[in-house]
Amino acid sequence: MSINTLFWLHPVLLRQILLFTCAAALILTVAPFLSAGFSRIALCRWLLLAVFLFLLFKAGFVRHDSDGGGHGAIACTGLFLCVFIIPLMQPISGRKRLVAAVALMALILAASWRIQPGLLKASNPLLVFDRIVRMYSTLGHNLNNPASLPQQFAAKRETIHATAPLPNLPGTSDIYSYNQGLLFSSDNVWNPRPVFQSYSAYDKNLANINREHLLSDNAPDNIFFTIQPIDHRLPALEDGASWPILWRRYQINGEIGPFLILRRQAAAIATATVNEQKISGRLRQTVNIADSSRPIFATVSIQPTFLGKMLNLFFKPPELAITLQTSDGAFHKHRFIRRMGEAPFLLSPFIADTGDFAKIARFARNPGLSDNGATPFATVKRFWISPVGGKWADIAWQKDITVTISTSATAPLAEMRPAEAPVATTAVASLARFGETPGFIDELSLEADEGGPMRLQTRGWAVDEKARQSPAAFFLRIGNQRFFLSAAQNRPDLITALGEPKYGQSGFSGAVLLDEVPDGDHTIIIEVINQAKTGVYELERFSSKKLKPGAILRKKGDAAELVFKKASIE
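Residues numbered from 1 in each chain as written. Predicted model: local features only at pLDDT ≥ 70, side-chain atom pairs only at ≥ 80, totals over all residues. Heavy atoms only, no water.

Asks: Help me understand the overall build of the chain, please; the structure alone is not making it clear to me.
Replies: Broken down by element type, the chain carries 13 helices and 23 strands. Counting only C-alpha atoms, the chain reaches 95 × 75 × 50 Å along its principal axes. Contacts in the chain between residues far apart in sequence, at least 24 positions, make up 71% of those at least 6 positions apart. Counting every atom, the chain has about 28500 Å² of accessible surface; 59% of that belongs to carbon and sulfur. Distance between charge centroids for the chain: 8 Å, based on 59 positive and 46 negative side chains. (Helix = DSSP H or I, 4+ residues; strand = E, 2+ residues; numbered from the N terminus. Contact = heavy atoms within 4.5 Å. Areas by Shrake-Rupley, 256 points an atom, 1.4 Å probe, with all protein chains shown as cover. Lys, Arg positive; Asp, Glu negative; His and termini not counted. Charge placed at Lys NZ, Arg CZ, Asp CG, Glu CD.)

In structure tokens form, the structure reads like this:
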């Protein structure tokens, strides 16, 4: 995910935006004074220059790259071109105007250099000269030997085809979500959807156009399908309105590399919804799903404030993030595109990759399969949507949201469940107490996902010292309450560090929601179940030498904090 909303926290991104803005303002201020007098033509030229700079700003910084490269290069290159555009806009006469023009162009060069120093340093004069020579040399060779162009094209196509050798199928074909070059190189007959790259179907109207194309007689006979969300978007948002049509009209006919091969069927299967419900909610608040035993589609309406509309017009509004908790206890955080969310998308079960899509596609065509229990789904139990960027980001979005959910009339899904503890949570208290064990708590932190439900996250390691083996499981004790964290997890580094081959499965990690923890101060202890499941070690030590063993969770209402005991400075 790009960090374009948090540019003010990233020095490189902030510097790029400020430098470009200052340089553009200077250009637009000084340019009118370089001409001898005012005229309508001069005004038109100035307006065109202003539009050019505005488009550069939007292209370079609306989808800003976290590494300071990529799209920022558009603004850098465009600013550099202004050095040549300004003298061509109008004749510059007079010593003062000439000096002002030279000074302006020098400042523009300096700004473009500082916006993208890596880009310009990589393009040293010798390298640039070499590229220009090779470019004109290649152009001259191709003009003198036009017969070589088909061979070059064929060689390039073979290179592309080798990366993903899609089969040449009868009829017409399309490819989801993008990478159309792979389809072109396979000699399939391309039958594109109207918005032919799924990430570009960024609102409900564009998504519905693609959906209607699949319902028409002109729908492709074959589809090469893979999940490819960009910018860490929620996968189900990209052409999500088309997914039910893919399940109804197409059948999985094989796989090739990362792609499913979907073949259109003569008759589409019928589907229906058993319930449609509107839920009124608010940003940063949890929306609970009462029943996720069947596939659920949703639309989400989130409206910008007036300030948010202005930000979107001139720059960009703060991002939105959606966090989903699934039936297996996992949390999934993704970027949420507001206008994409206004088109129906699969909310539950959670689809993370192409394998998950294949499972739900097979289930949709055969929802009554007796072996459905062998392919459980991570169904969504709750979710929340939050602006990214702190409290100030709220000013761009209205707080009230409307969620419409539609439940499909299918057989119940088999749900993934959290891993079962080798020892029942209620039985741990009755096991023998062994005292402390070697190990460390590497992380203990509170996570709220931009104002969502609070959860306590922890990870670390501990061993069964008496048996000289890895433990069986780990529990988190908060005051008098006990929660299962995880079974022993892979930590091969401990074998070398501790000199014991049997310690390779001694890690733990997990998260616990604090909804059911009462207000007050609660001690936190990691309980380590021995390999024989007959006793419990306690772990309070932190890997940081600055902290004493032990920590306290202080909770009051929706607020919570961790209080750590500081080690004394000797």
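Asks: Looking at this structure, I do not really get the sheet that holds strand 3 (residues 222-225). What am I missing?
Replies: In sheet architecture, strand pairing relies on hydrogen bonds along the backbone and comes in two forms, parallel and antiparallel. Judged by pairing direction, the sheet is mixed, and its 5 strands sit side by side in the order 2-1-3-5-4 without closing on themselves. Of all the strands in the sheet, the pair left with one neighbour each is strand 2 (189-190) and strand 4 (250-256). As paired strands, strand 1 (residues 172-176) and strand 2 are joined by 2 bridges and run parallel to one another. The residue bridging Ser173 from the neighbouring strand is Trp190, located in strand 2. Here helix 12 (residues 354-365) sits on the sheet in contact with strand 3, strand 4 and strand 5 (259-264), set at roughly 150° to strand 4. (Pairing = 2+ DSSP bridges. Axes fitted to C-alpha atoms, helices over the stretch in contact; angles between N-to-C directions.)

Asks: How do you make sense of the pattern of salt bridges when you look at a structure like this?
Replies: Side chains that differ in charge, positive against negative, can pair when their charged atoms come close. Per the counting criterion, the structure on display carries 27 salt bridges. Note that Arg417 and Glu415 form a salt bridge whose closest N and O atoms lie 2.9 Å from each other. Under the relative-accessibility criterion, Arg417 is labelled exposed at 55%. Overall, the relative accessible area of 17% leaves Glu415 in the buried class. Salt-bridge contacts for Asp493 lead to Arg491; the nearest nitrogen and oxygen are separated by 2.9 Å. With relative accessibility at 41%, the residue Asp493 sits in the partly exposed group. The structure contains a network of salt bridges with shared partners spanning Arg433, Arg477, Arg482, Glu527 and Glu538. (Salt bridge = Lys/Arg side-chain N within 4 Å of Asp/Glu carboxyl O. Buried < 20%, exposed > 50% of the residue type's maximum accessible area, 1.4 Å probe, protein only.)

Don't take any of this as a statement about function, it's just geometry.
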